Structure formats: C-alpha cells, structure tokens
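# A structural walkthrough
The chain contents come next:
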Amino acid sequence: MSRPTAPRAVTVYFSLEGNVRHLAQAVATAVDSPLVEVLPAEPRRGAEVTEYVWGDTRIICPEMPELLPLSLNPDDFDLIFLGSPVWKGTVAPAMRSFLAAGDFYRKKVALFCAYSGRAGGYFEQAEQLLLGCEIIDTIGFREPLRFSRQKSARDIAAWAKSVMAR
Ligand SMILES: Cc1cc2nc3c(=O)[nH]c(=O)nc-3n(C[C@H](O)[C@H](O)[C@H](O)COP(=O)(O)O)c2cc1C
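Below is a summary of the structure that appears in this document. Note that the structure is predicted; figures quoted are calculated from it, not measured. Think of each chain on its own: its residues are numbered from 1, step by step along the sequence as written. In keeping with the model being predicted, local features are shown solely for residues with a pLDDT of at least 70 and side-chain atom pairs are shown and tallied solely at 80 or more, while totals for entire chains, interfaces and linings include all residues. The basis for every side-chain value is the complete set of heavy atoms in the structure, and neither hydrogens nor water enter the calculation.

## Side note on the pairing of strand S8 (residues 134-142)
Where strand S7 (residues 108-115) lies against S8, eight bridges are found, and the strand directions are parallel. Across the sheet, residue Phe-112 finds its bridge partner in S8, namely Ile-139. If the strands point away from the viewer and the path from the first strand over the helix to the second runs clockwise, then the crossover is right-handed. Here a helix means four or more residues in a row that DSSP labels H or I, a strand means two or more in a row labelled E, and each is numbered from the N terminus. Read as a crossover between parallel neighbours, the route from S7 over helix H3 (residues 122-129) to S8 is right-handed. Two strands qualify as a pair provided DSSP detects at least 2 bridges between them.

Here it is, written out as structure tokens:
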C-alpha cells in the first residue's frame, strides 16, 4: 500500500520586531521547510504613504511597499505557512505586497500571526487577500517573545506538524 506523500511546504513571513520570525523559525524547523523572509525594498518609497502608529512605534510606509526580490515560486509548493504581525487590525503592508504579487490560487495556506492586544479580524482580512486558496488552519500568539518564548515555539511546532498531517 502506498503512503500518502507529505505536502511540499514553505514558510513565508514578515516580521518587524522578531515575534513572527520566532514563530516562523519554529514552523520551518518542525516541518523541515524552506524559510523565506519578506523584506521591503525601501520602506518609505511609494506613491501613497501611510503612517502606522502603535505605542512608541511610528512607521511611515506605502500601503503596498515594494519588496526585495524573492526566489520563491508558489508553484513549487502545495502548502504555504504564512506569518505576519497584526498591524492596525490587519495584515502588515509588506505581507500584503507579497500576497498581491503571488499566485496562490488553490494553494493550501496555514496562517499564523503575532499581535499585541488581540488578533481581531486579522484572519478574516487575510482570507480576503487570499481568495481562491484553501485556508486550512489559523493560529495567533500574543507577543510570543515577551509572554511565551519557549511555549509558543513548542505550540506552533505542534500545530505545524498537525497541519502537515491533514
Ligand atoms: C505599526 C504597528 C501596528 C500594530 N497594530 C496592532 C493591532 O492593530 N493590534 C494588535 O493587537 N497589535 C498590533 N501591533 C503589535 C504587533 O502586532 C505585535 O507587537 C507583534 O508581536 C509584532 O510582531 P513582529 O515582532 O514580528 O513585528 C502593531 C504593531 C505595529 C508596529
């Protein structure tokens, strides 16, 4: 009897302050996937610039910043683990640019995020940006570096393995 083959997975993330990077590294290690960081090319360049203020952090950047080139072909993968911080209740601008540039139609996507207050409507917003995909699961962590560095890494690793097994 032939065994079902594991999906070809990739972990893609954006992180400003390291929380989502911490989660993404745990996912990639757990499922042995490539780890791809989305990076804005020039944070302030763009037609319409928006100001994001959160606590002491003030960020001025376009709603959809240009990104540094990525060597990632979505067609090489069946399953994408996608991580972003929650910004203004939604997906951070760099991750929006990434989603707008790629063709994820019919891909399986597992979403993870980090937030400070609450994830709110983050996952619904992300799903709107990923229409045509199959969102297979979601998970969010409140400031994992501050509140649950080791537990969050363990929990998201277990989550990622369970997603792979579906
Ligand atoms: C510009 C900006 C906007 C943010 N907006 C929200 C928000 O709407 N809701 C929330 O719970 N956290 C918000 N946060 C907090 C981040 O989601 C949180 O600190 C997260 O852990 C950061 O992930 P990172 O370290 O990977 O960048 C915001 C942070 C920044 C910098």
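That shown, we press on.
## So, the site of the ligand
If a single non-hydrogen atom of a residue is within 4 Å of a molecule or strand, that residue counts as near it. With respect to spatial proximity, 21 residues lie near the ligand, and among them Ser-15, Val-86, Gly-89, Gly-117 and Glu-143 are the closest. For the purposes of these results, a polar contact is taken to be a pair of N or O atoms within 3.5 Å, where, inside protein, one atom must be able to donate a hydrogen and its partner to accept one; residues adjacent in sequence count only when each atom of the pair is a side-chain atom. Interatomic distance of 3.1 Å between a backbone N/O atom of Gly-18 and an oxygen atom of the ligand. Taking 650 Å² as the accessible area of the ligand by itself, protein coverage stands at 96%. At the level of elements, helix H1 (19-31), strand S3 (49-54), strand S4 (57-62), strand S5 (79-87) and S7 are the ones that each hand at least two residues to the shell around the ligand. Top element by residues in the shell around the ligand is S5. It accounts for three residues. Each residue is assigned to one of three groups, with Ala, Val, Leu, Ile, Met, Phe, Trp, Tyr, Cys and Pro labelled nonpolar, Asp, Glu, Lys and Arg labelled charged, and all others, Gly among them, labelled polar. In terms of residue class, the shell around the ligand is made up of 10 nonpolar, seven polar and four charged. Residue exposure ignores everything except the shown protein chains as possible cover, and the areas themselves are Shrake-Rupley values with a 1.4 Å probe.

## Let's talk about the nonpolar core
Formed by 31 residues in total, the largest nonpolar core has its most connected members in Val-12, Leu-82, Met-95, Phe-98, Tyr-122 and Leu-130. Of all the elements in the fold, those that place two or more residues in this core are strand S1 (9-13), S4, S5, helix H2 (93-101), S7 and H3. Every residue pair with non-hydrogen atoms within 4.5 Å of one another is taken to be in contact. When sequence neighbours within four positions are dropped, the list of residues in contact with Leu-82 reads Val-12, Met-95, Phe-98, Leu-99, Val-109, Ala-110, Leu-111, Phe-112 and Leu-130. Counting 20 residues, the second-largest nonpolar core is a separate cluster that includes Val-27, Val-31, Ala-114 and Val-163. What we call a nonpolar core is a set of buried Ala, Val, Leu, Ile, Met, Phe, Trp, Tyr and Cys residues that are connected through their side-chain atoms within 4.5 Å. Between buried and exposed lies partly exposed: a residue is buried under 20% and exposed over 50% of the maximum accessible area for its type, with that area taken using a 1.4 Å probe on protein chains only.

## What about H3?
Each α-helix turn comprises 3.6 residues. Residues three or four places apart therefore point the same way. Every buried residue of H3 is accounted for by Tyr-122, Phe-123 and Ala-126. Seen along its axis, H3 keeps its buried residues to an arc of 90°; they face one direction. For H3, the exposed residues lying more than 90 degrees away from the buried face are Glu-124 and Gln-128. Buried residues along H3 sit against S5, strand S6 (90-91), S7 and S8. Directions from the helix axis toward the C-beta atoms define the arc.

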